[in-house]
Number of protein chains: 2
Amino acid sequence: MIRVLLADDERLIRQAIAMLLGLEADIEVVAQVGRGDLVAPAVREHEPDVLVLDVEMPGMDGLSVAESMPGRAMLILTSFGRPGYLRRALAAGVRGFVPKDASAEELARAIRKVHAGGRYLDPEMAAAAMTAGDNPLTERERDALALAAKGASVAQIAASLHLTEGTVRNYLSNAISKLGAGNRITAIRAAQDMGWI
Amino acid sequence: MIRVLLADDERLIRQAIAMLLGLEADIEVVAQVGRGDLVAPAVREHEPDVLVLDVEMPGMDGLSVAESMPGRAMLILTSFGRPGYLRRALAAGVRGFVPKDASAEELARAIRKVHAGGRYLDPEMAAAAMTAGDNPLTERERDALALAAKGASVAQIAASLHLTEGTVRNYLSNAISKLGAGNRITAIRAAQDMGWI
DNA sequence: CCTTCCGGATGACATCTGTCATATCGCCGG
DNA sequence: CCGGCGATATGACAGATGTCATCCGGAAGG
């Protein structure tokens, strides 16, 4: 029996997926949580074999959760096939990556594979991540763009990062150019679509 | 037996919810579609009693679908409790509004209520929509902000709407002020959070 | 009928943003 | 050791953005 912990913020989805997985003879959902920060306590209590984590969650996102639990069998389940998510997940030791558009069979197969020590990556997502290439932004450019995405002005970003305004403008300009955008708004959208900020 | 059509773009979610609803003795999912533009043909073919529509879908969003089928028993199922969504849905004659964070029982109850000609609004969403009040933006302000949200510059917006640049700047400035934002980026985020653009 | 009000429209002005040329620093390969 | 490279940092400048005072026209109300 494969003991699974399921983390997703939407109760209906969580309940429903748990039900589907419960139909599989060899899979048992032993815990369900709706917030990222509740995963660690639940893991301690139930000692599941495999963690199925949604990326978008309050408290702590699924990728951060994965990064905080190295060595465990984990699988990311997400609505958004963002290349950056896949890279972060793999770097964190996650061995399974399944889109919510997958079928229940695909999810069950992925869980078995991950439990057995293997990998399961959705073919389309893997291809998209390959095509997209790596994150071209430097750390500072990402910092600046992430703050801009929250609506911060150049002055506010400069204050946050302890830089002069000119430098911040420069980072944003570089980011805009690297992302093939025309202004900061399209740059923010592009970076978010790729899962880079 | 209540015959239900289920429209949601994520297969796993669709399958799983169909399974949950199938457990209810009086509910039967007679059709499932993954795109908004496939709802109309499926309705013609299966003649369901109640339509359960996700807002976020490719092809055609759930609210537009609802607007195109007046008089039918419909229920909106969404991840995002945006006040503007609720208003648009009610205006389109939708009688049920359920967040994906609801329980399966709540969804089933809502479907029965809507099928019987009643209404079911998630209490929290209804309260949020009340608190938020109505969309304060005029039509032109919305047009301009929606284009800005796609990354368009003032010049491009002006060309699209057949206005001078000054007028466009004015609309955006009004929108920023009405939304309590400090620049167009925060204004865009605020308007999107409320479901106003 | 006249007034008031509000959305729509305009251009001038101050400020903010994006680009560019340039400089410094640490690191790697020759 | 030295040159080259890329990340970081800076300020000047041009162009884009946000604010303001103002005007126009139709709807609501006296």
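See the structure printed just above.
None of the values given here were measured: they were computed from a predicted structure.

Draft legend 1. Geometry of the environment of Asn183 of chain B. Secondary-structure assignment places Asn183 of chain B in the loop between helix 9 (165-178) and helix 10 (184-194). Considering only alpha carbons, one finds Asn183 of chain B and Leu172 of chain B, 11 residues apart in sequence, at a separation of 8.9 Å. For Asn183 of chain B, the residues in contact, after removing those within four places along its chain, are Gly151 of chain A together with Ile176 of chain B. Looking at Asn183 of chain B, its side chain comes within polar contact range of the main-chain oxygen of Gly151 of chain A, at 2.9 Å.

Draft legend 2. The arrangement of the protein's contact with DNA strand D in detail. Contacts to DNA strand D come from 15 residues, most closely from Thr138 and Tyr171 of chain A together with Arg169, Ser173 and Arg184 of chain B. Protein-proximal atoms of DNA strand D, defined as those within 4 Å of the protein, fall in sugar or phosphate at a share of 61%. Contact between DNA strand D and Thr138 of chain A: a phosphate oxygen at 2.8 Å from a side-chain N or O atom of the residue. For DNA strand D, a phosphate oxygen lies 2.7 Å from a polar atom in the side chain of Tyr171 of chain A. Breaking the surface near DNA strand D down by element, the ones donating at least two residues are helix 9 (165-178) of chain A together with helix 9 of chain B. With 4 residues, helix 9 of chain A is the largest single contributor of residues to the surface near DNA strand D. Of the residues contributing to the surface near DNA strand D, the split by class is 3 nonpolar, 9 polar and 3 charged.

Draft legend 3. Just the pairing of strand 2 (residues 27-33) of chain B, in detail. Residue and element names in this part refer to chain B. Bridge analysis of strand 1 (residues 2-7) against strand 2 gives 6 bridges, and the strand direction is parallel. From the neighbouring strand, Ile2 faces strand 2, where its bridge partner is Ile27. Crossover strand 1 to strand 2 through helix 1 (residues 11-22) is right-handed.

Draft legend 4. Expanded view of the nonpolar core. The biggest cluster of nonpolar side chains holds 50 residues, and the ones touching the most others in it are Ile111 of chain A together with Ile111 of chain B. For Ile111 of chain A, the residues in contact, after removing those within four places along its chain, are Ile2, Val4, Leu21, Ile27, Val50, Val52 and Leu75 of chain A. Ranked by size, the runner-up nonpolar core spans 45 residues in total, among them Leu145 and Val154 of chain A together with Leu147 and Ile185 of chain B.

Draft legend 5. The arrangement of the protein's contact with DNA strand C in detail. Among the 15 residues in the neighbourhood of DNA strand C, the closest are listed as Arg169 and Ser173 of chain A together with Thr138, Asn170 and Tyr171 of chain B. Here DNA strand C approaches the protein such that, of its atoms within 4 Å, sugar and phosphate make up 59%. With respect to DNA strand C, the side chain of Asn170 of chain A contributes an N or O atom lying 3.2 Å from a base nitrogen. Between Thr138 of chain B and DNA strand C, the recorded distance is 2.7 Å, taken from a side-chain N or O atom to a phosphate oxygen. When contributions to the surface near DNA strand C are tallied by element, the ones reaching two or more residues are helix 9 of chain A together with helix 9 of chain B. Looking at which element gives the most residues to the surface near DNA strand C, the answer is helix 9 of chain B, with 4 residues.

Thresholds applied
Residues numbered from 1 in each chain as written. Chains lettered and ligands numbered in written order. Predicted model: local features only at pLDDT ≥ 70, side-chain atom pairs only at ≥ 80, totals over all residues. Heavy atoms only, no water. Helix = DSSP H or I, 4+ residues; strand = E, 2+ residues; numbered from the N terminus. Contact = heavy atoms within 4.5 Å. Polar contact = N/O pair within 3.5 Å; in protein donor to acceptor, adjacent residues only side chain to side chain. Near = heavy atom within 4 Å. Nonpolar A, V, L, I, M, F, W, Y, C, P; charged D, E, K, R; others polar. Pairing = 2+ DSSP bridges. Right-handed = clockwise from strand over helix to strand, strands pointing away. Core = buried A, V, L, I, M, F, W, Y, C linked by side-chain atoms within 4.5 Å. Buried < 20%, exposed > 50% of the residue type's maximum accessible area, 1.4 Å probe, protein only.

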